[in-house]
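Take a look at the letters that make up each chain.
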Amino acid sequence: MEGRDQTPRRTVDLPIYMDHHATTPVDPRVMAAMLPFFTEIFGNAASVTHVFGWRAEAAVETARREVATAIGAEPREIVFTSGATESDNLAIKGVVAACADKGNHIVISAIEHRAVLDCARRLEREGFRVTYLPVDWGGLVDPVDVRRAITDQTILISIMTANNEIGTVQPIRAIGQIAREQGVVFHTDAAQAHGRIPINVEDDNVDLLSISAHKIYGPKGVGALYVRQRRPRIRLVPLIDGGGHERGLRSGTLPVPLIVGLGLALEIASSEMTAESQRLAALRDRLMHRIMENLEDVKVNGALSPRLPNNLNLSFAGIDGEAVLMGVKDDVALSSGSACTSAEVEPSHVLKAIGVPDGLARGSIRFGLGRSNTIEEIDYVAERIVATVTNLRRLTPHRPRIATAGP
Ligand SMILES: *Cc1c(COP(=O)(O)O)cnc(C)c1O
C-alpha cells in the first residue's frame, strides 16, 4: 500500500549516463537560445548588406565575447572552428607552417589526445622532430623536462590542460612560463578543462588554446581556438582557404546556431563552475570510496590531485574492463581504458605512459561524472560495479593481486 514504506528512496532512471568525457547532452537553456538561429534568424553572418546578416553577425559577436571572457582573452583572439580536433590541427600545423624558417622541432606530452598525437606523427613523417615528454606515475608532466627538451630548433610546445582519460591537470602555467622565456609558442588542448576548472590565458601564459562545445553541454560540431594577438602576436597559416572568414584563419560560412550554443554553454559552465565542481568532486569521492571499500585489488589510475572534479579512473585486477562494461551496459554508460583505440584491445597510451601494467590497464574503467548525476545514481553505479566485478572474479579465482606498496 502507498505510504507504508518507512524508508522512501528516490529511484534512479536507467540507463545512467556516466561518460561525460566523451560528450555531454545539450543544456536546455543552450538549446532554447540556439533554436531561433535555425529558422527566423537564419542570415549569413558575412552578409553586410541587410539586417538578416547583421542579426546573425551580432549573435556571433556576442558568443565570441562570451568565449573570450570565459578564458580571460579578447574577442578578436577567438577563432570559431568545428571542434577541438580542428582547433588542435590549426594550432599545431598552423604554427609549424608559419615558423618553418625558425626550426623543425616540437614538444608534446605522451598522454595527449589523438587529435594532437596524430598531428605530431604526421609532422614526424614529413621530417619534423617530435619530443614525446614522459609523465610520472600520477600522469603529470614535469616542467623541468619541458625546459630540457627545448633546443634552438623548437618552435612549438603542446601540452593538454587536463587529460580525457585520467583527468589529471597539467602545470600549464609553469610550462607556459618556460615557453615564454625561451621564445617558443605554447598550445594547450583544453577540451576537458574549460568550464570545469579555472583557465586564464594571461595568468597561464598560454598562446593557443583549443575549445570544444560538446564537452560542456553545448552542441557537437563547434569549437574555438584562442590565438594570442599581443605580447606576442602568434602567426598561423590557415588549414582552410576560402572566403576569408575569421580573419582569414578559418574560411567557411559560420554555423551561427552552433556558435550561439558554444558561447552560452561556456558562459553557463563558467558561472556554475565553483558550485558544480564541488558537487561533482564530492560525488566522485563517494563513488571511489563505495567501490574501494567493497572490493579488493582496485587501483586509482592517475594522481587524485590535481585532477578534474568529475573524473575517476579505476583498474580492477584480474578482469577485463570490457567485460565489466558489458555486464552493466543496460544500466550504466561508462568507458574502458581501451575504448579510445576503438576496435583494438590495446591498452590506452595514457595508462601505458603512467606505467600501468597491460593486465591492469585492460581492467580499467573511466567514470565521467556530469550535471545529470545524482547521489542515488552514484550509489547505484557503485553497487552494480561491485557486484559485476565480484561475479567476474568468481570465474577467475587465481587472479593477480595489486601490490600494496608503491605510490
Ligand atoms: C573531446 C576531445 C577532443 C576532440 O574534440 P572534438 O570537439 O570532439 O573534436 C580533443 N581533445 C580532448 C582532450 C578531448 O577531450
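Student: So what about helix α3 (residues 84-98)? Which residues, and what values?
Tutor: Spanning 15 residues, α3 covers 20 Å between terminal C-alpha atoms, matching the ideal 21 Å at 1.5 Å per step. By the criterion of burial, α3 is predominantly enclosed, with 12 of the 15 residues buried. Within α3 the residues assigned to the buried category are Ala84, Glu86, Ser87, Asp88, Asn89, Leu90, Ala91, Ile92, Gly94, Val95, Val96 and Ala98.

Student: Describe the pairing of strand β7 (residues 208-212), listing the residues and the values that go with them.
Tutor: Taking burial as the measure, the 5 residues of β7 include 5 buried ones, the bulk of the element. Because side chains alternate across β7, one face comprises the buried residues Leu208, Ser210 and Ser212, and the other comprises Leu209 and Ile211, equally buried. Where strand β6 (residues 185-189) lies against β7, 3 bridges are found, and the strand directions are parallel. Along β7, the bridge assignment pairs Asp189 with Ser210. Bridge count between β7 and strand β8 (residues 223-227): 5 bridges; the pairing is antiparallel. What sits directly across from Ser212, in β8, is Gly223.

Student: Got a sec to walk through the site of the ligand? Specific residues and values, please.
Tutor: Within the structure, the ligand sits among Gly83, Ala84, Thr85, His113, Met160, Asn164, Asp189, Ala191, Gln192, Ser212, His214 and Lys215. Computed on the free molecule, the ligand has an accessible area of 380 Å², of which 87% lies beneath the protein chains in the complex.

Student: Could you give an account of the environment of Ala265, naming the residues involved and the relevant values?
Tutor: Of note, Ala265 is situated in helix α7 (residues 256-271). Look at Ala265 and you get buried, because its relative accessible area is 1%. Excluding residues within four positions of it along the chain, Ala265 makes contact with Val30, Ile216, Tyr217 and Gly218.

Student: Run through unusual backbone geometry, naming residues and quoting values.
Tutor: In this chain, Leu14 is followed by Pro15 through a cis amide linkage whose omega measures -5 degrees. Inspection of the secondary structure puts Pro15 in the segment before β1 (16-17). Pro232 follows Arg231 through a cis peptide bond whose omega is -10 degrees. With respect to the element layout, Pro232 can be found in the loop between β8 and α7. Despite not being glycine, Glu246 shows a phi value in the positive range, around 50 degrees. Residue position: Glu246 is located in the loop between β8 and α7. Of note, Asp297 is a non-glycine position whose phi angle comes to about 55 degrees, a positive value.

Student: Give me the lowdown on the environment of Thr154, citing residues and values where you can.
Tutor: Within the secondary structure layout, Thr154 lies in strand β5 (residues 154-158). Here the side chain of Thr154 touches Thr151 through a polar contact of 2.7 Å, landing on its backbone nitrogen.

Student: Tell me about the nonpolar core, residues and numbers included.
Tutor: Formed by 67 residues in total, the largest nonpolar core has its most connected members in Ile71, Ile78, Phe80, Ile157 and Leu209. Counting residues per element, this core draws most heavily on α7, which supplies 9 residues. When residues of this core are sorted by domain, at least three fall in each of domain 1 (28-271) and domain 2 (273-395). Core analysis: the next-biggest nonpolar cluster, separate from the first, contains 30 residues, Ile16, Val300, Ile365 and Ala382 among them.

Student: Tell me about the packing of aromatic side chains, residues and numbers included.
Tutor: Throughout the structure, instances matching the rule amount to 1 aromatic pair. Taking 5.4 Å as the distance between ring centres and 40 degrees as the angle between the ring planes, the aromatic pair formed by Phe42 and Phe52 counts as tilted. On the criterion of sequence distance, the pair formed by Phe42 in the loop between α1 (28-34) and α2 (51-71) and Phe52 in helix α2 is long-range, its members being 10 residues apart. Taking relative accessible area as the criterion, Phe42 reaches 52% and is therefore assigned exposed.

Student: How would you explain a nonpolar patch on the surface if you had to name every residue and give the values?
Tutor: Together, Phe42, Val48, Val51, Phe52 and Trp54 make up a nonpolar patch on the protein surface, roughly 540 Å² of accessible area in all. Since its relative accessible area comes to 42%, Phe52 is described here as partly exposed.

Student: Residue-level account of the sheet that holds strand β4 (residues 129-133), with values.
Tutor: With respect to topology, 7 strands assemble into an open sheet ordered β2-β8-β7-β6-β5-β3-β4, the strand pairing being mixed. Whereas interior strands pair on both sides, the edge strands pair on one side only; in this sheet they are β2 (78-81) and β4. Neighbouring strand axes in the sheet, compared pairwise and without regard to direction, differ in orientation by 20 degrees on average. Looking at chain direction, β2 and β8 are connected through 4 bridges and run antiparallel. In the sheet register, Phe80 faces β8, and the bridge partner there is Ala224.

Student: Account for the sheet that holds strand β10 (residues 311-316), naming residues and giving values.
Tutor: With antiparallel pairing, 4 strands are arranged side by side in an open sheet as β9-β10-β13-β12. Among the strands making up the open sheet, the edge pair consists of β9 (298-300) and β12 (335-336). Judged from the 3 bridges that link them, β9 and β10 form a sheet pairing that is antiparallel. Paired with Val300 across the strands is Leu314, a residue of β10. Strands in contact with helix α8 (residues 273-294) are β9, β10 and β13 (364-368); relative to β10, the strand with the most contacts, it is inclined by about 15 degrees.

Student: Describe the pattern of salt bridges, and please don't skip the residues or the numbers.
Tutor: Considering all chains together, one arrives at 25 salt bridges under this definition. Among the salt bridges present, the one from Arg29 reaches Glu272, with a minimum N-O distance of 2.9 Å. On the criterion of sequence distance, the pair formed by Arg29 in helix α1 and Glu272 in the loop between α7 and α8 is long-range, its members being 243 residues apart. Judged by relative accessible area, Glu272 falls into the partly exposed class, the value being 29%. Two residues, Glu276 and Arg279, come together in a salt bridge whose shortest N-O distance is 2.9 Å. On the criterion of helical spacing, the pair formed by Glu276 and Arg279 is a turn pair, its members being 3 residues apart in helix α8. Look at Arg279 and you get partly exposed, because its relative accessible area is 29%.

Parameters and conventions
- Residues numbered from 1 in each chain as written.
- Predicted model: local features only at pLDDT ≥ 70, side-chain atom pairs only at ≥ 80, totals over all residues.
- Heavy atoms only, no water.
- Helix = DSSP H or I, 4+ residues; strand = E, 2+ residues; numbered from the N terminus.
- Expected span 1.5 Å × (residues − 1).
- Buried < 20%, exposed > 50% of the residue type's maximum accessible area, 1.4 Å probe, protein only.
- Pairing = 2+ DSSP bridges.
- Near = heavy atom within 4 Å.
- Areas by Shrake-Rupley, 256 points an atom, 1.4 Å probe, with all protein chains shown as cover.
- Contact = heavy atoms within 4.5 Å.
- Polar contact = N/O pair within 3.5 Å; in protein donor to acceptor, adjacent residues only side chain to side chain.
- Core = buried A, V, L, I, M, F, W, Y, C linked by side-chain atoms within 4.5 Å.
- Domains from an automatic or database assignment.
- Phe/Tyr/Trp six-rings, centres within 6.5 Å; stacked < 30°, edge-to-face > 60°.
- Patch = residues over 30% accessible without salt bridge, like charges linked within 9 Å, V, L, I, M, F, W, Y side chains within 5 Å.
- Salt bridge = Lys/Arg side-chain N within 4 Å of Asp/Glu carboxyl O.
- Axes fitted to C-alpha atoms, helices over the stretch in contact; angles between N-to-C directions.

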